[in-house]
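Chain by chain, the residues run as shown.
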Amino acid sequence: MSTTETWTVGKLLTWTTDFLKQHGSDSPRLDAEVLLAHARDCQRIELYTAFEEEPDDNIKAEFRELVKRRSAGTPVAYLVKHKEFYSLDFEVTEDTLIPRPETEHLVLRALDIAADVYKQVERPLRVADIGTGSGCIAIAFAKQFAAAELVAVDASEAALEVAHRNAIVHEVDSRVDFLKSDLLESLPDATFDLILSNPPYVSQAEYAQLPATVREFEPTAALVGGPEGYELIARLIGQAQPRLAAHGKLLIEMSPMLIERQSEFVPEQWTAEVVKDLAGKPRILVLSVAS
Ligand SMILES: C[S@@+](CC[C@H](N)C(=O)[O-])C[C@H]1O[C@@H](n2cnc3c(N)ncnc32)[C@H](O)[C@@H]1O
């Protein structure tokens, strides 16, 4: 990118798309637009009416820096510090996993179940989100389902701070308590109607195969579930059983491969329903204790 040429928005986007493509981005045009909109402090759509404008030197310098970091592998969400999840905007930092679209299926299924349970119990539901990260599951659920009190836990204090800020922005902080806890260990003595979790579930071997943009930038503790991948899930299931109400359900996101291997870590007394993602892959286990 020469500094003596006239660099209009249109030209910056064309050049950067090509540059990011050569540096391994699988969505180079989108990345270029999101980063330029961030540097210009505008909506992405506004770039389309500004193609002939030349951004000032500060904007160009900031954009150049963002593109440099993106080409070195930093995920766009960490560069702009935001990610959309369930049509809500979430702050993310390098202490939180970047929310993934697959996880929206967990929220959708949890909302369906919550509506059914609420009809039976006619009181606010008690819901726990284990390994809340940015808070995306608990907050999206709380936004959609007013008759619920939630507790969202994480082992990472830094992630909890981000999640708390997100709850304030989305005005659900009065209904979501954030707590540092190893899974359910430090939760108050209560039973839950729903326990939701997108826990770390990658095995050590899979971790080594993850794309560098994930491995080098997202928190390892948010990804690796143990040597086989399911160790943390097995512990979660064991802790959840005595904490679920009679009609309670435990919803856990995991890889399609782990869902296939569920008999290795889901004890026999549980019954399981499988929820598929948009690609038709098994993604969520909905567990309840057979009565
Ligand atoms: C896969 S991330 C999910 C984050 C968020 N719920 C989402 O869906 O984007 C897993 C989260 O679990 C947290 N975690 C890992 N081990 C934990 C443990 N033993 N107890 C509580 N949280 C844990 C990590 O810090 C991370 O935030």
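Every value quoted in this text rests on a predicted model; they were computed, and no experiment measured them.

Here's the deal with the domain arrangement of the chain
Once the domains are mapped, the chain shows domain 1 (9-79) and domain 2 (95-289). The C-alpha-based centres of domain 1 and domain 2 are spaced at 34 Å. Of the residues lining the interface, five residues belong to domain 1; the matching set on domain 2 comes to five residues. Residue composition of the side of domain 1 that touches domain 2, by class: three nonpolar, two polar and no charged.

What about the sheet that holds strand β9 (residues 244-253)?
If you walk across this open sheet you meet the seven strands as β5-β4-β3-β6-β9-β11-β10, and the pairing is mixed. Each of the sheet's edge strands pairs with one partner strand only, and the pair in question is β5 (176-180) and β10 (270-276). Each adjacent strand pair in this sheet contributes to an overall mean axis angle of 20 degrees, direction not counted. Helix α5 (residues 103-121) contacts β3 (125-130), β4 (148-154), β6 (192-197), β9, β10 and β11 (282-289) of the sheet and is inclined by roughly 170 degrees relative to β9.

Some points on the site of the ligand
Lining the immediate environment of the ligand, one finds 22 residues, of which Gly131, Gly133, Ala155, Asn198 and Ala222 sit closest. Contributing elements (two or more residues each) for the shell around the ligand: α6 (136-144) and β4. Of the residues assigned to the shell around the ligand, the class counts are twelve nonpolar, eight polar and two charged.

A word on unusual backbone geometry
The phi dihedral of Glu122 is positive, around 50 degrees, even though this residue is not glycine. Locating Glu122 in the fold gives a position in the loop between α5 and β3.

What about the pairing of β3?
Across the six residues that make up β3, a large majority, five, are buried. The sheet contact formed by β3 and β4 spans six bridges and is parallel. Across the sheet, Arg126 pairs through a bridge with Glu149, a residue of β4.

A closer look at the nonpolar core
Ranked by size, the top nonpolar core spans 74 residues in total, and within it Phe141 and Leu194 carry the most contacts. The biggest single contributor to this core is α6, with seven residues. Here this core spans two domains, since at least three of its residues come from each of domain 1 (9-79) and domain 2 (95-289). If near-sequence neighbours (up to four positions away) are discounted, Leu194 is found in contact with Ala110, Ile113, Ala114, Leu125, Val127, Gly248, Lys249 and Leu251.

Rules used in this analysis
- Residues numbered from 1 in each chain as written.
- Predicted model: local features only at pLDDT ≥ 70, side-chain atom pairs only at ≥ 80, totals over all residues.
- Domains from an automatic or database assignment.
- Contact = placed C-beta atoms within 7 Å.
- Nonpolar A, V, L, I, M, F, W, Y, C, P; charged D, E, K, R; others polar.
- Pairing = 2+ DSSP bridges.
- Helix = DSSP H or I, 4+ residues; strand = E, 2+ residues; numbered from the N terminus.
- Axes fitted to C-alpha atoms, helices over the stretch in contact; angles between N-to-C directions.
- Near = placed C-beta within 6 Å.
- Buried ≥ 20, exposed ≤ 12 C-beta atoms within 10 Å, placed from the backbone.
- Core = buried A, V, L, I, M, F, W, Y, C linked by C-beta atoms within 7 Å.

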